Amino acid sequence: MAALSLVAGGIWPLSPLATGLGFLAAALLGFRTLGPRRVALCALLFSIGALRGAHALSTYDDTRFALRDAIGHPRRCAFTAEVDSSPVELHGSIGFLAEVSEADCEGVLLPAFRARVYGGPRELARGDVVSGVADFAPSQLFRNFGAADPRPAGVRSGAVASGGALSMTVESRSRGPLALVDRARAHVRSRIVATFPPLAVPMAKALVLGESDLDPDDDEAFRASGLSHLLAVSGTHLVFAVVSLVSALSFLLVRWEAFAASVRVARVAAALGVVLSLAYADFAGGSGSAFRAAYMLSVGFVVTACGRRPSAVRCLAASMLLGAALNPLVACDVSFLLSVAATAGLIGINPVFSRLTEAMKPRPVRWLMQSLGTTTSAMVPCVPLLSLLSSEIGLAGMLANVLAGPIGEACALPLCLAHAVVGFWPWLERGTAMAGGGALLIVRAIARLSAEQSGLRFALPVPSGFELSLVGALGVALLALKRGQWRRGLCAAGAAVLGLFALERAQKAAGTPGGSLAATVLDVGQGDSSLIDFPDGSLWLVDGGGFVGSPVDPGRTVILPELRARRRSRIDVMILSHPHPDHFTGLESVISSVEVGEFWDTGQGMAHGAGPIYARILARLRERGVPVRTPSELCGERRIRGVQVQVLSPCPGFRQELGANDNSFVIRLAWGEHAFLFTGDAEHEAEEALLAGGAPLRADFLKVGHHGSRTSSSPAFLDAVGPSVATMGTGVRNRFGHPHQTTLEKLSSRNIAALRSDRHGAVRLQTDGATLAVVTVADGR
């Protein structure tokens, strides 16, 4: 309870009401078992965790905003920095965290900051001092209502900027222990690449070094099959690697008679085990799960070194306390929580399965049932957390774990670890690489086969903060049970199930607001995407965001998580304002994942082409039988589900002499006394045509054209619209300087609240026809 209290307190700044109510429920449920003094101690630890979490977030925000305001847009910088994290290889390039001490960015001198740098020599190590030239920009954080807050990940890394190095020189090399670990990692990485079968190389790197460099299809297959844990550095790795070494060390020391006669060999070996545990976790990539397991194992070794017998439950609690002490937001590290949940399941649930199956015959049936019991014990507590990572869970995954688990843990893991230390014997190195690679390829085949069994999969809704708090309270209630109180446990579980059902109904109702018109302008960075809720519960999507050259898919990163949080699986109308990548890129993954009623397109892309992504969007729409409607049938005014919908431009169709921006859809939605105006990237020519044609432009909300560029939002147009609120889809990494200062000045002089996605995150506007409410994800600074 002490560990849970400190860990949970860190979440309070992100979700105060849900976390506070969850802790209160847990304290009440555990009061009879703990007593008033222990409950008071837990309340104190919860408060300390909350204060530390709030301070960490505030400090990170201050640092991030200071860097953002100093650098402005992305700049090319001459820099000097110290490598501060183990370099990892992703997609053929080295990446690492660096403490940048000096940076001259096109004449702008930046204060010291921490950045994630991509590129550089492969032999880099922590403590090395480097200099070079890189394109630095502030870190892009997508902040939306339906997605997890991205700041805790930023707090963990400390990075407030990122960039690719164009050139880099190593000024001095470190000779410290951390540098030695990194050079050993680089050597092992190079030998894996040189000796393993090519298809197995990414899996071997994940298993030994903790580097997530899987092919996207393989990554999806491992996630869908529930086998990702076989490639993650976890307690199993440490038990196999460290406990094996400690046992071997004890075996050797016992045979040194003079030494064994003067000291307790087991205590000495256990003391060395503490160092080995932490060193191995660092060598294996230093993930949250790796260090959580290392902390637990280290505590067990410390207790053994002191001559006592370790308790699994107390070692687990101590590892949680250590994790929370070192990282106040450790509760936001899903890998850490999954490690805790799986270990708790193995400690608390697996013994029950073992007792139930120990008398089964024949032996193969007993082994199969015990394997299923172990898999189930580890998986059940993880389900609420897995729902944060994946939208589905498959029953085939349980069988896949039974089949792949022994191969991965008993064959692939020891062979891959042995490969790392037998390089002095070339034929043995090649042999372990082929055998270990073969085992990994078998695991890969099982993962792909399991992922293909779509009929054995069911959807997982992403849990709300209240639902997670209720699950946590249930866990505390079960922990507080004494022997023989199974009836009370069943009552608690039944009450929790009923509570979850009620909360899920409430969450679904909140995701389908009725009786009002609401527009949610999503934060997709330098691009546009908006969801519109109609009074009858139908949902429209205008644009899908995206940016040329960016590896980020806003459909998967932003739009689909938002829909999943709302429990929505259908978009009634999908609108592409105009065929530019920063408006259509995210639509491809959305069309593949949800039902679409109809698609609106200006027709310009169909006539002249707009690249391969746009072509794939049209092909996917044809495959699914989605009707595509163009301005010739949309222009004019109509009532759609009680809302006055006016397609104002381009009418009666796109104009050949104008570019895509000035052929953007301009759509006005009116409900009662209030109206919203969406303008795509319409610029001055489109605005002048609308003004000359006497189009009805008056609206309370304006989605500013072309991301706040000086080429849009003329004074006459703003006066004709007369909005009180305007939004701009701008990213901190855009090189165009959007929004331009002239646009901001025009908005400010008319007392129009200018809400920017790079500063305010997502914006939600809601009207019942008489009043207008505006909410942002974050206050701007």
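Summarised in this report is the structure supplied together with it. All figures in this text were calculated on a predicted structure; none of them were measured in a lab.

## Quick notes on the overall build of the protein chain
Okay, step 1: Within the protein chain one finds 31 helices and 24 strands.
Okay, step 2: Compactness check: the protein chain gives a C-alpha radius of gyration of 29 Å against a globular reference of 28 Å for 781 residues, within 12% of the reference.
Okay, step 3: Taken along the three principal axes of its C-alpha coordinates, the protein chain extends 100 × 65 × 50 Å.
Okay, step 4: When burial is assessed residue by residue, the protein chain has 50% of its 781 residues classed as buried.
Okay, step 5: Contacts spanning at least 24 positions in sequence make up 71% of the contacts within the protein chain whose residues lie at least 6 apart.

## Observations concerning the packing of helix α6 (residues 177–195) against helix α7 (residues 201–209)
Okay, step 1: The N-to-C vectors of α6 and α7 enclose an angle of 155 degrees; their axes lie 9 Å apart at closest approach. As far as their axial angle goes, α7 and α6 are roughly antiparallel. As for the relative orientation of α6 and α7, their crossing is right-handed in sense. Across from R185, V188, R189, I192 and V193 in α6, the residues of α7 making contact are V201, A204, K205, V208 and L209.

## Concerning the nonpolar core
Okay, step 1: Judged by nonpolar contacts, the single largest core of 46 residues is most densely connected at F196, F222, L227, Y280 and L440.
Okay, step 2: Sorting the residues of this core by element identifies α6, α7, α9 (235–254), α11 (265–283), α12 (288–305), α18 (396–419) and α19 (426–451) as the ones contributing at least two each.
Okay, step 3: When residues of this core are assigned to their parent elements, the largest contribution, 7 residues, is made by α7.
Okay, step 4: Once you skip the residues sitting within four places of it in the chain, L440 turns out to touch F196, A200, M203, A204, L207, L231, A412 and C416.
Okay, step 5: The next biggest cluster of nonpolar side chains, apart from the first, holds 29 residues, and it includes L110, L124, F136 and V160.

## What to know about the packing of aromatic side chains
Okay, step 1: Taken as a whole and assessed by the stated rule, the structure comprises 13 aromatic pairs.
Okay, step 2: Between W600 and F665, the ring centres sit 6.4 Å apart and the planes meet at 55 degrees, which makes this aromatic pair tilted. Taken together, the positions of W600 in strand β14 (residues 595–600) and F665 in the loop between β17 (643–649) and β18 (666–671) put the pair 65 residues apart, joining distant regions of the chain.
Okay, step 3: Taken together, the aromatic side chains of F534, W540, W600 and F665 make up a single cluster linked through ring pairs.
Okay, step 4: Lying over the aromatic face of F145, R764 brings its terminal NZ or CZ to 4.2 Å of the ring centre.

## Notes on the sheet that holds strand β16 (residues 636–640)
Okay, step 1: The 7 strands lie next to each other as β16-β17-β18-β19-β20-β21-β22, forming an open sheet whose pairing is mixed. Two strands lie at the open edges of the sheet, namely β16 and β22 (753–756), each paired on one side alone. Strand-to-strand twist across the sheet, computed as the mean angle between neighbouring axes with direction ignored, equals 20 degrees.
Okay, step 2: Pairing of strand β21 (residues 725–728) with β22, which is carried by 4 bridges, proceeds in the parallel orientation. In the strand pairing of β22, M728 is matched with R756.

## Remarks on the packing of helix α13 (residues 312–326) against helix α14 (residues 334–348)
Okay, step 1: Between α13 and α14, the shortest axis-to-axis distance is 10 Å and the interhelical angle comes to 170 degrees. What the angle tells us is that α13 and α14 run roughly antiparallel. Of the residues in α14, those touching α13 at A312, V313, L316, S319, M320 and G323 are F336, V340, T343, A344 and I347.
Okay, step 2: Partitioning the contact of α13 with α14 into residue classes produces 8 nonpolar, 3 polar and no charged.

## Brief notes about a nonpolar patch on the surface
Okay, step 1: Taken together, L17, L21, L24, L28 and F466 make up a surface patch of nonpolar side chains, about 500 Å² in accessible area.
Okay, step 2: Element by element, the count of residues in the nonpolar patch is highest for helix α2 (residues 16–29), at 4 residues.
Okay, step 3: By the secondary structure assignment, L24 is in helix α2.

About the thresholds
Each chain has its residues counted from 1, following the order in which its sequence is written. Restriction of local features to residues with pLDDT of at least 70 applies here, the model being predicted, together with a cutoff of 80 or more for giving and counting side-chain atom pairs; totals for whole chains, interfaces and linings are based on all residues. Computation of side-chain values covers all heavy atoms of the structure but excludes hydrogens and water. Secondary structure elements are taken from DSSP: a helix is a run of H or I of four residues or more, a strand is a run of E of two residues or more, and numbering for both begins at the N terminus. Only the C-alpha atoms count toward the radius of gyration. The rule for a globule is 2.2 Å times the residue count to the power 0.38. The classification of residues rests on relative accessible area computed with a 1.4 Å probe and restricted to protein chains. Under 20% of the type maximum is buried, over 50% is exposed, and intermediate values are partly exposed. Here, residues are in contact when the closest pair of their heavy atoms is within 4.5 Å. Every axis corresponds to a line fitted to the C-alpha atoms, with the helix fit spanning only the stretch in contact, and the corresponding angles, defined between N-to-C directions, vary from 0 to 180 degrees. Any angle from 65 to 115 degrees is called roughly perpendicular, while one under 35 is roughly parallel, one over 145 is roughly antiparallel, and all others are oblique. Handedness of a helix crossing follows the sense of rotation of the near helix relative to the far helix, less than a right angle counterclockwise being left-handed and clockwise being right-handed. Within this scheme, the nonpolar core is defined by two criteria: the residues are buried Ala, Val, Leu, Ile, Met, Phe, Trp, Tyr or Cys, and they are joined through side-chain atoms within 4.5 Å. Each aromatic pair joins two rings of Phe, Tyr and Trp (for Trp, the six-membered one) with centres within 6.5 Å, and gets the label stacked for planes under 30 degrees apart, edge-to-face for over 60, and tilted for any other angle. Only Lys NZ and Arg CZ are tested; either one counts as a charge over a ring when it is within 6 Å of the ring centre and within 35 degrees of the ring normal. Strand pairing follows a simple DSSP-based rule, namely that at least 2 bridges must link the two strands. Under the scheme applied, nonpolar residues are Ala, Val, Leu, Ile, Met, Phe, Trp, Tyr, Cys and Pro; charged residues are Asp, Glu, Lys and Arg; polar residues are all the others, including Gly. Each patch is built from residues lacking any salt bridge and having more than 30% relative accessible area; the joining distance is 9 Å for like charges and 5 Å for nonpolar side chains (Val, Leu, Ile, Met, Phe, Trp, Tyr). To be clear on the numbers: accessible area is Shrake-Rupley with a 1.4 Å probe, and residue cover counts the displayed protein chains and nothing else. We define a salt bridge as a contact between a side-chain nitrogen of Lys or Arg and a carboxyl oxygen of Asp or Glu at a distance within 4 Å.

These figures capture arrangement, not role.
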